[in-house]
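One letter stands for each residue in the lines below.
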Amino acid sequence: MDNSTYLPRHASYDLKKIRAKKLVNRIAGSRRYEPAQDGLRLMTAFLVLRNKVLLPMLAGADNPQMATATMNQNQIDGHYQNIQNEMRNIFSIFKIAA
């Protein structure tokens, strides 16, 4: 979604969801917010998980030959390959194109 289609009502909706999950708290007497005690840690963990685990895993899910092509795999690469294989199995069960 680009900036021209992200309207104030979208921001309001997103903020309500974030507040409902208790990730941020409203600062008394203002329109500003601050991260909750564990909120910042949780939001950071979600971003790291998305960017460092899920996106690379899904990127390799559609090309099984590319995942097995590397000869010098370390332990993490093996885990990624196992996860990608399982994701392909899940995609085939649900008939989802990767």
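Keep in mind that what you see is a predicted model, and the values were worked out from it rather than measured.

Participant: Where do I start with the overall build of the chain in this structure?
Facilitator: For the chain, the count of helices and strands is four helices and two strands. Counting from the amino terminus, helix and strand elements in the chain follow one another as α-β-β-α-α-α. Each of the 98 residues in the chain was classed as buried or not, and the buried ones make up 13%. Considering only contacts in the chain between residues 6 or more positions apart, those separated by 24 or more positions represent 31%.

Participant: Before we go on, may I ask you to explain the environment of proline 35 in this structure?
Facilitator: Within the secondary structure layout, proline 35 lies in strand E2 (residues 33-35). Its relative accessible area of 42% is what places proline 35 among the partly exposed residues. In sequence terms proline 35 and isoleucine 18 are 17 residues apart; their C-alpha atoms lie 9.9 Å from each other.

Participant: Before we go on, may I ask you to explain the environment of isoleucine 83 in this structure?
Facilitator: Mapping isoleucine 83 onto the fold places it in helix H4 (residues 75-93). In this structure isoleucine 83 comes out as partly exposed when scored by relative accessible area, which is 35%. As a C-alpha pair, isoleucine 83 and leucine 54 span 29 residues in sequence and 9.9 Å in three-dimensional space.

Participant: Looking at this structure, how should I read a nonpolar patch on the surface?
Facilitator: On the surface, Ile90, Ile93, Phe94 and Ile96 cluster together into a nonpolar patch covering about 420 Å² of accessible area. Using a relative accessible area of 44% as the deciding quantity, one classes isoleucine 96 as partly exposed.

Criteria and thresholds
- Residues numbered from 1 in each chain as written.
- Predicted model: local features only at pLDDT ≥ 70, side-chain atom pairs only at ≥ 80, totals over all residues.
- Heavy atoms only, no water.
- Helix = DSSP H or I, 4+ residues; strand = E, 2+ residues; numbered from the N terminus.
- Buried < 20%, exposed > 50% of the residue type's maximum accessible area, 1.4 Å probe, protein only.
- Contact = heavy atoms within 4.5 Å.
- Patch = residues over 30% accessible without salt bridge, like charges linked within 9 Å, V, L, I, M, F, W, Y side chains within 5 Å.
- Areas by Shrake-Rupley, 256 points an atom, 1.4 Å probe, with all protein chains shown as cover.
- Salt bridge = Lys/Arg side-chain N within 4 Å of Asp/Glu carboxyl O.

Structural measurements only, silent on function.
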